Amino acid sequence: MYCEQYGTWPCQHIIRRVELSTTGVFQLPKASAAVLTVGARVAWDNTAKEVTSPAVGRFPIGVAVEAAGNGAISVAVRLDGIATAAA
């Protein structure tokens, strides 16, 4: 069967490789109003798609490795590599 979507014969799926990291330090988007100190536990707000302080409904992800005050839009975070459910 000819695959019209990809123009191949026979129809084959395209496989893409993705690189994931669960540990390390990454610059991540931050809630602009959140004030984070060095070493503060941080969480991922999956609705807003940004790092913020831990609270109900947020996913703990690691610690801030730099201070980020009100108005900052990103923060360096050391991911702890532990899979968690929302708090």
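Residues numbered from 1 in each chain as written. Predicted model: local features only at pLDDT ≥ 70, side-chain atom pairs only at ≥ 80, totals over all residues. Heavy atoms only, no water.

Chemist: So what about the nonpolar core? Which residues, and what values?
Modeler: The biggest cluster of nonpolar side chains holds ten residues, and these are Leu-28, Leu-36, Val-42, Val-51, Ile-61, Ala-64, Ala-68, Val-75, Val-77 and Leu-79. Counting residues per element, the ones that place at least two in this core are strand 4 (59-64) and strand 5 (74-80). In contact with Ala-64, not counting residues within four places along its chain, are Leu-36, Thr-37, Val-38, Gly-39, Ala-40, Val-42, Val-75, Ala-76 and Val-77. (Core = buried A, V, L, I, M, F, W, Y, C linked by side-chain atoms within 4.5 Å. Buried < 20%, exposed > 50% of the residue type's maximum accessible area, 1.4 Å probe, protein only. Helix = DSSP H or I, 4+ residues; strand = E, 2+ residues; numbered from the N terminus. Contact = heavy atoms within 4.5 Å.)

Chemist: Go over the layout of surface pockets with me, naming the residues and quoting the values.
Modeler: The computed volume of the largest pocket comes to approximately 270 Å³. Around the largest pocket, the lining is made up of 13 residues, and of these Ser-21, Thr-22, Ile-61, Leu-79 and Ile-82 lie nearest the centre. Counting only elements with at least two residues in the lining of the largest pocket, the list comes to strand 1 (23-29), strand 4 and strand 5. With three residues, strand 4 is the largest single contributor of residues to the lining of the largest pocket. The residue makeup of the lining of the largest pocket, split by class, is eight nonpolar, four polar and one charged. (1 Å grid on protein atoms, 1.4 Å probe; cavity = no way out; pocket = protein on both sides within 12 Å on 5 of 7 lines; lining within 4 Å. Points joined across faces, edges and corners; volume = space filled by probe spheres on them. Nonpolar A, V, L, I, M, F, W, Y, C, P; charged D, E, K, R; others polar.)

Chemist: Lay out unusual backbone geometry with the relevant residues and their values.
Modeler: A positive phi is found at Lys-49, a non-glycine position, where the angle reads about 60 degrees. You can see Lys-49 is positioned in the loop between strand 2 (41-45) and strand 3 (50-52). What makes Lys-49 partly exposed here is its relative accessible area of 46%.

Chemist: Break down the sheet that holds strand 2 for me, citing the residues and quoting the values.
Modeler: Taking strand neighbours across the sheet as the criterion, the five strands line up as 1-5-4-2-3 in an open arrangement whose pairing is antiparallel. Across the chains shown, the open sheet's two edge strands, defined by having one partner strand only, are strand 1 and strand 3. On average, adjacent strands in this sheet sit at an angle of 45 degrees to one another, irrespective of strand direction. Both strand 2 and strand 4 contribute to a ladder of four bridges, which runs antiparallel. The residue bridging Ala-43 from the neighbouring strand is Pro-60, located in strand 4. (Pairing = 2+ DSSP bridges. Axes fitted to C-alpha atoms, helices over the stretch in contact; angles between N-to-C directions.)

Chemist: Please provide a residue-by-residue account of the side chain of Lys-30, values included.
Modeler: When you line up the elements, Lys-30 lands in the loop between strand 1 and strand 2. Lacking a salt bridge, the buried Lys-30 has Glu-50 as its closest oppositely charged neighbour, with an N-O distance of 8.1 Å. Here the side chain of Lys-30 touches Ala-34 through a polar contact of 2.6 Å, landing on its backbone oxygen. At 3.2 Å, the side chain of Lys-30 forms a polar contact with the backbone oxygen of Ala-72. In this view, Lys-30 contacts Leu-36, Glu-50, Val-51, Ala-68, Gly-69, Ala-72, Ile-73, Ser-74 and Val-75; residues no more than four positions away in its chain are not counted. (Lys, Arg positive; Asp, Glu negative; His and termini not counted. Salt bridge = Lys/Arg side-chain N within 4 Å of Asp/Glu carboxyl O. Polar contact = N/O pair within 3.5 Å; in protein donor to acceptor, adjacent residues only side chain to side chain.)

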